[in-house]
Amino acid sequence: MGTYQTPRGTVDYLPDKTPLWQTIERTARHIFELYNYQEIKTPIFESTELFTSSIGGDTDIVSKEMYTFLDKKGRSLTLRPEGTAAIARSYIQHALHRKGKHHLLFYVGPMFRYERPQAGRFRQFTQIGVENIGSPDPACDAEVIIMGIQLFKTLGIHGIVPQLNTVGCPICRPVIEERLKQFLESSLRALCGDCQTRFDTNPLRILDCKKSSCIPYFSAMPDIRQSICQACHDHFDQVLTYLDTHGVTVEINPNLVRGLDYYNRTAFELVSNHLGSQNAICGGGRYDSLISRLGGPSSPAVGFAFGMERLMALVDTAIPPVPMVYIGCLDDDHYSYCFSLAHQLRDHRIKAIHHRDALSINGHLKRASKSNAALSVIIQPDGQSATVYASGQITLPMTDVLAHIIEHTPQTPMM
Ligand code: AMP
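Here is what the cut-offs are and how they apply
- Residues numbered from 1 in each chain as written.
- Predicted model: local features only at pLDDT ≥ 70, side-chain atom pairs only at ≥ 80, totals over all residues.
- Heavy atoms only, no water.
- Near = heavy atom within 4 Å.
- Polar contact = N/O pair within 3.5 Å; in protein donor to acceptor, adjacent residues only side chain to side chain.
- Areas by Shrake-Rupley, 256 points an atom, 1.4 Å probe, with all protein chains shown as cover.
- Helix = DSSP H or I, 4+ residues; strand = E, 2+ residues; numbered from the N terminus.
- Buried < 20%, exposed > 50% of the residue type's maximum accessible area, 1.4 Å probe, protein only.
- Contact = heavy atoms within 4.5 Å.
- Axes fitted to C-alpha atoms, helices over the stretch in contact; angles between N-to-C directions.
- Parallel < 35°, antiparallel > 145°, perpendicular 65-115°, else oblique.
- Left-handed = near helix turned anticlockwise from the far one by under 90°.
- Nonpolar A, V, L, I, M, F, W, Y, C, P; charged D, E, K, R; others polar.

### Thoughts on the site of the ligand
The environment of the ligand is made up of 16 residues, and the closest members are Arg113, Glu115, Phe122, Gln127 and Arg258. Note that an oxygen atom of the ligand is positioned 3.0 Å from one of the backbone N or O atoms of Ile281. At 3.2 Å from an oxygen atom of the ligand is found a main-chain nitrogen or oxygen belonging to Cys282. Burial of the ligand by the surrounding chains reaches 93%, relative to a free accessible area of 480 Å². Elements supplying a minimum of two residues to the shell around the ligand: strand 6 (124–133), strand 10 (280–286) and strand 11 (301–307).

### A word on the side chain of Ser90
You can see Ser90 is positioned in helix 4 (residues 84–93). Judged by relative accessible area, which is 7%, Ser90 ranks as buried. Residues in contact with Ser90, not counting those within four places in the same chain, are Ile40 and Thr42.

### Some remarks on the side chain of Glu269
Tracing the backbone shows Glu269 in strand 9 (residues 264–272). Polar side-chain contacts of Glu269 include one of 2.7 Å to the side chain of Arg258. Residues within four places of Glu269 in sequence aside, it is in contact with Val161, Pro162, Gln163, Leu256, Arg258, Ala280, Cys282 and Gly283.

### A closer look at the packing of helix 5 (residues 138–154) against helix 8 (residues 230–245)
Relative to each other, helix 5 and helix 8 sit at 45°, their axes nearing to 8 Å. Of the possible angle classes, the one that applies to helix 5 and helix 8 is oblique. Both helix 5 and helix 8 take part in a crossing whose hand is right-handed. In this structure, helix 5 uses Pro138, Ala139, Asp141, Ala142, Ile145 and Ile146 to contact helix 8, whose residues at the interface are His235, Gln238, Val239, Tyr242 and Leu243. Looking at the contact of helix 5 with helix 8, its residues break down into eight nonpolar, two polar and one charged.

Encoded structure:
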């Protein structure tokens, strides 16, 4: 073991795992394409204030978990802990609302939170997320949920349950909070310090407390849905109806509030029953006033993000290797044939490796099989012919070898 290790809460993905990562990312991109979502890329760090004013000062993310630093000019910057705030900032900065009413965006990238590391919880993790900006329509909420489910099904992940709740809107939020406070008042002294502070500053956030000493006090909580306004009721019902029409069975989780303050109305998580305590692989919700609160035009929106690392633990797809050609020669004088044949194959998008060492035929075939090559080509000592080994073997003039391999080897798919 060397002197240096990955920092706590971070992981290396070695080449045996990266093909799975790429498959997940490619599948996500493919599904997003079906719904006409386009990629957006924003910086990994932003001004700290963007996150404090959007995610909320009482959230764990802002109050405990941000990687914040001063740059050389004394400006406070933060490694992004999530994607939505930066996308809202970008939407406003580039006046995207002027380029169309409805924007369907997705992003892929690392996020940073100073959390207590455990299985499925890291300090650097990668989120893939979508943002559907410009419409208050409950059909959009249903659509992003359906898109997430379709993605996980495509990856062969079953047993995913969407858990849904509503967190109301600015009109009914005071009623929700008042009822919550009435219910918790008598047990307040038994709750943790964070919950006691949040009781005054942000009561809904109490439901997000993960401490085992607090959770039992929330079990008989009055259902938020009894406190929401008619418009929020109608919105929630319509989301459920759209999902039902599409055959999606949901669980209502009345205590689900999510860890970010900008959500209103729909809040949801896609939960796996195969993942222990960190069982939420995807979280999202509606955020109708985030963009206007950050200084942009009124732009209702809904989105989700899922964690790549949690998904990697669930996907069990055997990734078929890309067929590869191995090229070797029996004496070093003919190495230039190996070199040039390998390059010609790559020009035809066929994966190829060649070896400098002049070995015996058996030596080459052993190396080829160790490298999982689908086909091996050994240049003969005359330099005029080569033997191709696949299921059988055939010796061909050098002039015919390229065409033969192209005919018998599938091209590597473009990413
Ligand atoms: P959030 O941004 O908190 O709504 O989380 C959305 C998704 O990101 C979660 O469902 C997880 O899959 C993933 N995620 C959030 N925090 C972490 C973390 N610390 N480590 C790994 N994945 C995470």
